[in-house]
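# Secondary and tertiary structure notes
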Amino acid sequence: MVVRGWLINGVIIYIASLVSSEVQELYHQENAAVPPSICSGDLSFTKGYRCVDYNVITEDGYILRLWRFHEGRTKESRKERKQPVFMQHGVFTDGRCWFAVSHADQSLAIQLVEQGYDVWIPNTRGTTYSQQHVSSNITYSSEGYWDFTYSEMATYDLRAFLNFVYLETGQKVHYIGHSQGTTMMFAAFSEWKVEERVKSAVMLAPVVFLNHMPFGLTYALAKSYIGEIAGTFGIWDLNIMIEPIGTIIRAICNVLGVDCFNQVFSLLSGKNCCMNSSTIQLWLSFQLQPTSIKNLEHWAQGVRKPIFAQYDYGNPATNMEHYGVPEPPPYDLRKIPKDFPLFLIYGGQDLLSIREDVHILLNKLRSHRIVRELYIDNYAHFDFLQGITAKDVVFPDIVGFMQGID
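Residues numbered from 1 in each chain as written. Predicted model: local features only at pLDDT ≥ 70, side-chain atom pairs only at ≥ 80, totals over all residues. Heavy atoms only, no water.

The subject of this paragraph is the packing of helix α4 (residues 150–169) against helix α5 (residues 180–191). Where α4 contacts α5, the axes come no closer than 8 Å and their chain directions differ by 75°. As the angle between them shows, α4 and α5 are arranged roughly perpendicular. The residues of α5 that touch α4, namely those facing Y150, M153, A154, T155, L158 and R159, are Q180, T183, M184, M185, A187, A188 and E191. Looking at the contact of α4 with α5, its residues break down into eight nonpolar, three polar and two charged. (Axes fitted to C-alpha atoms, helices over the stretch in contact; angles between N-to-C directions. Helix = DSSP H or I, 4+ residues; strand = E, 2+ residues; numbered from the N terminus. Parallel < 35°, antiparallel > 145°, perpendicular 65-115°, else oblique. Contact = heavy atoms within 4.5 Å. Nonpolar A, V, L, I, M, F, W, Y, C, P; charged D, E, K, R; others polar.)

So this is what it looks like as structure tokens:
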């Protein structure tokens, strides 16, 4: 069974990674239009909660979608001046990940709205609602569009989003990030004065150091240089839902009588304890979102080297061109103000945010005055978003942490 699982997932990744650039370009051209917003029309996905759409333009020209949830149903949620909360999704997901649950009380975003918070949800570059650029020469189907990693998301996307929220509300936000959303925030502290726009940060399944990643699918992909190999085929983004790849994978899975996507889901993130089948199917209906091959290379570099650093271009001369030094500079966690409130929440079954690696991060933050942690032994990577027990074992601690700062 274990061998068959590895074979299945090997076939999936191989097909997804080696799909021809011609197929990718056709797919991009057919899907260039931004789909209808979750804020208009049928509100069933957001459980009837209304939101407002904004387009935010980054300094490097990407046009990104931002959602604002300002209207709740309780008396507390209808107060006039509300504290803004900014909820940043991770890699392979978009802003919809905060709503991919069966019931409204299982959504952290909705619960925060009802608690009286002004909730802002971004969609980073490359995802379904953020596929445009101000330049006609940089289109979703061009290689230039996909020339980014989480470094650019930290430097440009986050800054543009948070500046926009500050101009709209006049207030700093409480930041809540999941997975790559935590990586972006920790990287951003090295690039600009985050504390001017953010008053605290809750880090769900934080991914910074990857030294202790166990042998498995993600480890094998990183060690096999799959991203670099894909680049030699002229592939600049990864979207395993691309047609006809999605159809091919489903056909293979049907013949074998297994749920391939669910297997990949577990092998990449860990065995999530508390997601029911309806939640998993809802999540898979719009994920996995595409990301750049360069971004995956950046993640793989973190697995291969025990350091949290900028993207490595592979040779000293090119690194010199970009950074002025032959090696990519590490992100400097010492730039986080010592009194900046941080709350790290992680699980014992997570294959991406490994307990030992979170402890390395906590050790780096030992001189900070306000660092809180919550460890949940049976949680894996996505239980924090879609786990049916999160409303009881995670959400109250987050709200309590933020209320203690307000």
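The topology assignment puts P330 in the loop between α12 (316–323) and β10 (342–347). Sequence-wise, P330 and F308 are 22 residues apart; in three dimensions their C-alpha atoms are separated by 5.7 Å. The residues touching P330, leaving out its near neighbours within four places in the chain, are I307, F308 and A309.

Attention now moves to the pattern of salt bridges. Going through the model one piece at a time under the given rule, you end up with 12 salt bridges. Across the salt bridge formed by D53 and R65, the nearest N and O atoms sit 3.5 Å from each other. Placement of the pair is D53 in strand β1 (residues 52–57) and R65 in strand β2 (residues 62–69), with a sequence separation of 12 residues. With a relative accessible area of 12%, R65 lands in the buried category. (Salt bridge = Lys/Arg side-chain N within 4 Å of Asp/Glu carboxyl O. Buried < 20%, exposed > 50% of the residue type's maximum accessible area, 1.4 Å probe, protein only.)

Turning next to the environment of N319. Structurally, the position occupied by N319 is in helix α12. Among the residues examined, N319 registers a relative accessible area of 1% and is labelled buried. For N319 and P329, which are 10 residues apart along the polypeptide, the C-alpha to C-alpha distance reads 9.3 Å. With near-sequence residues (within four places) excluded, N319 lies in contact with Y311, D312, Y313, G314, G324, V325, P326, E327 and P328. Within the structure, N319 has its side chain in polar contact with the side chain of D312 (distance 3.0 Å). At a separation of 3.0 Å, a polar atom in the side chain of N319 contacts the main-chain amide nitrogen of Y313. (Polar contact = N/O pair within 3.5 Å; in protein donor to acceptor, adjacent residues only side chain to side chain.)

Spatial relationships are all this shows, so hold off on functional conclusions.
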